[in-house]
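Observations on chain architecture
One letter stands for each residue in the lines below.
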Amino acid sequence: DAGVTQSPTHLIKTRGQHVTLRCSPISGHKSVSWYQQVLGQGPQFIFQYYEKEERGRGNFPDRFSARQFPNYSSELNVNALLLGDSALYLCASSQGSRLYGYTFGSGTRLTVV
Amino acid sequence: ILNVEQSPQSLHVQEGDSTNFTCSFPSSNFYALHWYRWETAKSPEALFVMTLNGDEKKKGRISATLNTKEGYSYLYIKGSQPEDSATYLCASFTGGGNKLTFGTGTQLKVEL
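Below is a summary of the structure that appears in this document. These numbers come from a predicted model, not from an experiment. Numbering of residues starts from 1 in each chain and follows the order in which that chain's sequence is written. Naming scheme: in the order in which they are written, chains are lettered from A and ligands are numbered from 1. Local features in this predicted model are restricted to residues of pLDDT 70 or higher, and side-chain atom pairs are both shown and tallied only at a pLDDT of 80 or more, whereas totals for entire chains, interfaces and linings draw on every residue. The basis for every side-chain value is the complete set of non-hydrogen atoms in the structure, without hydrogens or water.

**With respect to the overall build of chain B**
Of the regular secondary structure elements, chain B holds zero helices and eleven strands. The order of helices and strands in chain B, counted from the N terminus, is β-β-β-β-β-β-β-β-β-β-β. Computed over its C-alpha atoms, the radius of gyration of chain B comes to 13 Å, within 12% of the 13 Å expected for a compact globule of 112 residues. Each principal axis of the C-alpha atoms in chain B carries an extent, and together these give about 45 × 30 × 20 Å. A contact between two residues is defined here by any heavy atoms of the two lying within 4.5 Å. In chain B, 53% of the contacts between residues at least 6 apart in sequence involve partners at least 24 apart. Here the Shrake-Rupley method, with its probe set to 1.4 Å, supplies the accessible areas, and only the displayed protein chains count as covering residues. Surface exposure of chain B reaches about 5500 Å², of which carbon and sulfur atoms provide 44%. In chain B, 10 positive and 11 negative side-chain charges are present, and the distance between their average locations comes to 5 Å. The way it works is that DSSP assigns letters per residue, a run of H or I at least four long becomes a helix, a run of E at least two long becomes a strand, and they are numbered from the N terminus. Two things to know: the radius of gyration comes from C-alpha atoms, and the globule rule equals 2.2 Å times the number of residues to the power 0.38. When charges are tallied, Lys and Arg are placed among the positive residues and Asp and Glu among the negative ones, while His and the ends of the chain are skipped. Taken as the charge location is NZ of Lys, CZ of Arg, CG of Asp or CD of Glu.

**Some thoughts on the state of the cysteines**
Covalently bonding the sulfur atom of one cysteine to the sulfur atom of another cysteine gives a disulfide. The definition used for a disulfide is geometric: two cysteine sulfur atoms within 2.5 Å. Inspection of the entire model under this criterion finds two disulfides over all chains. Two residues share a disulfide in this structure: A:C23 and A:C91, whose sulfurs sit 1.8 Å from each other. The S-S bond linking A:C23 to A:C91 shows a torsion near -60°; that makes this disulfide left-handed. Of this pair, A:C23 sits in strand β3 (residues 19-24) while A:C91 is found in strand β9 (residues 87-94), placing the two residues 68 residues apart along the sequence. Disulfide pairing is shown between B:C23 and B:C90; the S-S distance is 2.0 Å. Of note, the bridge from B:C23 to B:C90 carries an S-S torsion of about 80° and is right-handed in sense. Here B:C23, found in strand β3 (residues 19-24), pairs with B:C90, found in strand β9 (residues 86-94); they are 67 residues apart in sequence, far enough to count as distant.

**Here we look at the interface of chain B and chain A**
Taken together, the 21 residues of chain B in the interface contact 19 residues of chain A. By buried area we mean the combined loss of accessible area, with a 1.4 Å probe, across both parts when two parts are placed together. Here chain B packs against chain A, burying approximately 1700 Å² in sum over the two surfaces, 61% of which is carbon and sulfur. On the chain B side of the interface with chain A, the three residues burying the most area are B:W38, B:N98 and B:F102, jointly 31% of the side's total. We count a salt bridge whenever a side-chain nitrogen from Lys or Arg sits within 4 Å of a carboxyl oxygen from Asp or Glu. There are zero salt bridges connecting chain B and chain A. Polar contact is the term for a pair of N or O atoms within 3.5 Å; when the atoms are in protein, one must be able to donate a hydrogen and the other to accept it, and sequence-neighboring residues count only if both atoms are side-chain atoms. Inspection of the region where chain B meets chain A yields five residue pairs in polar contact (both at pLDDT 80 or more). When residues of the side of chain B that touches chain A are traced back to their parent elements, those giving at least two are β4 (30-38), β5 (45-50), β9 and β10 (100-102) of chain B. When residues of the side of chain B that touches chain A are assigned to their parent elements, the largest contribution, five residues, is made by β4(B). Throughout, the ten residues Ala, Val, Leu, Ile, Met, Phe, Trp, Tyr, Cys and Pro are labelled nonpolar, Asp, Glu, Lys and Arg are labelled charged, and all others, Gly among them, are labelled polar. A class-by-class count of the residues in the side of chain B that touches chain A yields eleven nonpolar, nine polar and one charged.

**Quick word on the pattern of salt bridges**
This structure, assessed with the given rule, holds eight salt bridges over all chains. A:R63 serves as the salt-bridge partner of A:D85, at 2.8 Å between the closest nitrogen and oxygen. Separated by 22 residues along the polypeptide, A:D85 in the loop between β8 (74-78) and β9 and A:R63 in the loop between β6 (53-57) and β7 (64-68) bring together distant segments of the chain. The closest approach of N and O atoms between B:R61 and B:D84, which form a salt bridge, is 2.8 Å. Here the residue B:R61 occupies a position in the loop between β6 (56-59) and β7 (62-67), and B:D84 occupies one in the loop between β8 (72-77) and β9, the gap between them amounting to 23 residues. Residues participating in the shared-partner salt-bridge network are A:R22, A:R67 and A:E75.

Below you can see the structure in the form of structure tokens.
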């Protein structure tokens, strides 16, 4: 059974550009969460989606948006990239209950220059 | 406690040593506490999900306890091995939301 897959694995973008990150959850998992992780900090919550609906949003600007598709895969979009958006972006899937651990993907390393 | 806090930030131990880390979290409206292990160049891996005050979980040489009234959890590793070297993250669900809030992690290095 495939784990959580994220694409691309690495990405270099220029300030002001737009980026789309993709995530495919484990089969049977209906919830996808997105996290941003910068060196020295724990993963910071960006969004959670369950059954295609947004169920939680972290303290990120409106330049960050996401959506979930009928097959439960998800996209994270970031507009007008800033240098400070450089980070590892992690996607995690779960069965949707807080009683179950999350399964994380390997992440997308975004570098904004 | 308003955020999830972990201590120490990093730890170096010798092979065979036993060690423990602390996670502090908001005790009001507590719902669940997760522990993850994150090895370099890999994805974070779930170790435990704990919900009940006094809960104790064990997986091999690793165990964890939970005190929801005072808002802390301990992770113990008995007889540390080099393969235990990783960053250990705890995360808490509090309130009615779906935000799993992570601490900054404890980086463990086990040396031969």
